[in-house]
Amino acid sequence: MKQRERLIEALLALSAGISVLTTGGIIVMLAVEAAHFFRQVPLGTFLTDTQWTPLFADKHFGILPLVSGTLLTTGVAIAVALPLGLIIAIYLNEYATVGFRNVIKPLLEVLAAVPTVVYGFFALTVVTPFLQRLIPGMAGFNALSAGSVMGIMILPLVSSLSEDALTAVPRSLREASYALGATRLQTAMRVVVPAASSGITVSVILAISRAVGETMIVAIAAGQEPRLTANPLVPVETITTYIVQVSSGDVAYGTLEYDTIFAAGITLFVLTLVLNNVGYWFRQKFREQYE
Amino acid sequence: MSNMTRNRLLDGAFRAVGLLATLLGLLLLAVFLLDILRTGLSRLSWQFLSALPSRFPERAGIYTALLGTVWIMVLTALIAVPVGLAAGVYLEEYGRKSRWSALLEINITNLAGVPSVIYGLLGLNIFVRFLRMGSSVLAASCTLALLILPILIVATREAIRAVPKTLREASFALGATRWQTIWYQVLPASMGAFLRELFWPCRGRWAKRPRCSCWGCWPTCRLRQKAPWTSFRRCPFKYSTGFRAPSRHSESTPPPLLLCCCSLRLG
């Protein structure tokens, strides 16, 4: 009996250990493969060169164009999702009736449950032609269209998580504010939002991290031309797109060209890891405890 | 204009803006769904679902891709659900407060934030190359199982946490061992909550991150299925390779509709 219990506990612990193995696997894999790459390309060149042309005859290995492409699409996405998401969160929390909120919130969350390939297709065939009518001369593949659709995708992340943070603010704070004669807007802006600011910040950080790691939307709609630019109207390439492009193409395994995807992968991994941990740390450090 | 009227006006204005923003969000969703239905529905036919891929758009179908998707989903669930349940049970029932469980905790939070394309690379290296599975359904399923594992673990833990302590204590009082308590009391009592946690997107509070991505976005990176034991391709990938050739639009339009149906049903 005792032995059986021990055995079961060991089996369960082993299952839990798989998650550690996964992390270990990711880190070791990225490190080993990227080491191949960095033996041939110095880290300095990788971080400072402004061209990324590993598949061309004239090879340049500067990650900056890919990072700028990633940041550009992410920036557009946040510019869409942050104001809209925050306004929705405040509205649902402070103004809307409970019934309305309970219907609307899950509906909005459907936006985040749509497969991202479908979003990519939507960006390319609906949003881009629409934007091209507004902005003549915009390229068929561009960061603006991909970014704004990505913004729609992460909208529920911002709105729902911020709304949760706002809900966690105790009623007494609001009531004190109303008692001083403040309107709902004043209460929301000067009392509730500041009190929930850590939760809101975390929601935004998570949204950014999701946007940075997003693959299919940008692979389909943002183009595949790495370039160092802040212009959202031209094609760019993100880190994720590059990985998809090379790993699903016909580049031979074990070549320097192939190893570039691991260098790009490790950049992406570090980027999201830092973002997630800043979020995690922020939540631990600045969480307001009321009870 | 007095301060008070101004404040009232601003308040009213924000109410309008807030309502508009909310409706805009819903409008975007509606436009999106309508667009998919409009472009996809007319092209969706039995022939499209049951035909093999073809060079001729009007004869092409997604039978192989569809089967590939189904295969992968089933196999992924078969691999991931037992492991996820076991890990969740361990963390919640056994591994309290030890250093090992603290490590697991941080680890799972971080794993949940790793972009799916990185998992794709991992699968490519470990399953496809190192374990020599080749680009197969099995390799894809193993990779996807790793991807959804953190989500499953958190769902399990949320569900188990909701089981009242009295249930466990009653079981212990009757002389049941720990595992008997878990197997006969805790798990049956938490199954409903587990399934709810799993399929109801965003409803849980898991690490404050919606789990919507659970069934929606698979790592589409390089998980084509050729060889060992099947030659299927999954819808999303097929679809993503189809978009580059505009002439194939007629062929590649309905998949989003299908995908949406699938994910909405699951969601």
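Quick caveat, the model's predicted, so the values are computed rather than measured.

(A) Main features of the overall build of chain B. Regarding its fold elements, chain B presents 12 helices and 0 strands. Order of helices (α) and strands (β) in chain B, N terminus to C terminus: α-α-α-α-α-α-α-α-α-α-α-α. Considering only residue pairs separated by 6 or more positions, chain B has 66% of its internal contacts joining residues 24 or more positions apart. Of the roughly 12,600 Å² of accessible surface on chain B, 66% is carried by carbon and sulfur atoms.

(B) Layout of the overall build of chain A. Along chain A, the regular secondary structure elements total 12 helices and 0 strands. Its helices and strands in sequence order give chain A the pattern α-α-α-α-α-α-α-α-α-α-α-α, from N to C terminus. Across the 291 residues in chain A, those meeting the buried criterion constitute 56%. Long-range contacts, defined here as pairs at least 24 residues apart, represent 70% of the contacts in chain A between residues at least 6 apart. Looking at chain A as shown, the accessible area adds up to about 11,800 Å², and 66% of this sits on carbon and sulfur atoms.

(C) Quick look at the UniProt feature "transmembrane region" (unreviewed entry) in chain A. Residue and element names in this part refer to chain A. Under the present numbering, the feature "transmembrane region" (unreviewed entry) in UniProt falls on residues 12-32, 63-89, 110-131, 143-166, 187-208 and 261-282. Along residues 12-32, the helical share is 100% and the strand share 0%, with 30 Å between the first and last C-alpha atoms. Here residues 261-282 is 100% helix and 0% strand, with 31 Å between the C-alpha atoms at its ends.

(D) A look at the interface of chain A and chain B. At the junction of the two partners, chain A supplies 86 residues and chain B supplies 80 residues. With both chains or domains summed, chain A and chain B bury close to 7,400 Å², and 73% of this area falls on carbon and sulfur atoms. At the boundary of chain A with chain B, the tally comes to 1 salt bridge. By residue number, the principal contributor to the side of chain A that touches chain B is helix 1 (residues 2-40) of chain A, which donates 19 residues. Across the side of chain A that touches chain B, the residue classes break down as 54 nonpolar, 22 polar and 10 charged.

(E) Representation of the confidence of the model for chain B within the structure. All names here are of chain B. The pLDDT averaged across chain B works out to 72; a share of 71% of its residues lies at or above 70. Within chain B, helix 7 (residues 165-173) carries the highest mean pLDDT (91), whereas helix 9 (residues 213-216) carries the lowest (33). For residues 201-256, every residue scores under 50 in pLDDT, and the model assigns this stretch 166 contacts once sequence neighbours within four places are set aside. Confidence drops under pLDDT 50 across residues 260-267; counting only partners more than four residues distant or on other chains, this segment forms 14 contacts.

(F) Here's a closer look at the pattern of salt bridges. As enumerated under the stated definition, the model contains 13 salt bridges over all chains in all. With a closest N to O distance of 3.2 Å, arginine 38 of chain B and aspartate 35 of chain B form a salt bridge. Of this pair, arginine 38 of chain B and aspartate 35 of chain B both sit in helix 1 (residues 3-41), 3 residues apart, which is roughly one turn of the helix. Through salt bridges that share partners, Arg101, Lys105, Glu163 and Asp164 of chain A make up one connected network.

(G) Seen up close, the packing of helix 1 of chain A against helix 4 (residues 99-112) of chain B. Two elements in contact, helix 1 of chain A and helix 4 of chain B, have axes whose closest approach is 9 Å; the angle formed by their N-to-C orientations is 55°. Here helix 1 of chain A lies oblique to helix 4 of chain B, going by the angle between them. The handedness of the crossing between helix 1 of chain A and helix 4 of chain B is left-handed. Across the interface between the two elements, Ala16, Gly17, Ser19, Val20, Thr22, Thr23 and Ile26 of chain A from helix 1 of chain A touch Trp100, Leu104, Asn107, Ile108 and Leu111 of chain B from helix 4 of chain B. For the contact of helix 1 of chain A with helix 4 of chain B, the class distribution of residues is 7 nonpolar, 5 polar and no charged.

(H) Broad picture of the packing of aromatic side chains. According to the stated counting rule, one finds 16 aromatic pairs over all chains in the structure shown. Here the aromatic rings of tryptophan 52 of chain A and tyrosine 242 of chain A are separated by 5.0 Å at their centres, their planes lie at 80°, and the arrangement is edge-to-face. Here the residue tryptophan 52 of chain A occupies a position in the loop between helix 2 (43-48) and helix 3 (64-95), and tyrosine 242 of chain A occupies one in helix 11 (residues 239-247), the gap between them amounting to 190 residues. Tyrosine 242 of chain A gets classed as buried once you look at its relative accessible area, which sits at 2%. Arranged with centres 5.6 Å apart and planes meeting at 40°, the rings of tyrosine 95 of chain A and phenylalanine 14 of chain B form a pair that is tilted. On the criterion of chain membership, the pair formed by tyrosine 95 of chain A in helix 3 and phenylalanine 14 of chain B in helix 1 is interchain, its members lying in two chains.

What counts, and at which threshold
Residues numbered from 1 in each chain as written. Chains lettered and ligands numbered in written order. Predicted model: local features only at pLDDT ≥ 70, side-chain atom pairs only at ≥ 80, totals over all residues. Heavy atoms only, no water. Helix = DSSP H or I, 4+ residues; strand = E, 2+ residues; numbered from the N terminus. Contact = heavy atoms within 4.5 Å. Areas by Shrake-Rupley, 256 points an atom, 1.4 Å probe, with all protein chains shown as cover. Buried < 20%, exposed > 50% of the residue type's maximum accessible area, 1.4 Å probe, protein only. UniProt positions renumbered as here; feature names shortened; annotations may be inferred. Buried area = accessible area lost by both parts, 1.4 Å probe. Salt bridge = Lys/Arg side-chain N within 4 Å of Asp/Glu carboxyl O. Nonpolar A, V, L, I, M, F, W, Y, C, P; charged D, E, K, R; others polar. pLDDT = per-residue confidence, 0-100. Axes fitted to C-alpha atoms, helices over the stretch in contact; angles between N-to-C directions. Parallel < 35°, antiparallel > 145°, perpendicular 65-115°, else oblique. Left-handed = near helix turned anticlockwise from the far one by under 90°. Phe/Tyr/Trp six-rings, centres within 6.5 Å; stacked < 30°, edge-to-face > 60°.

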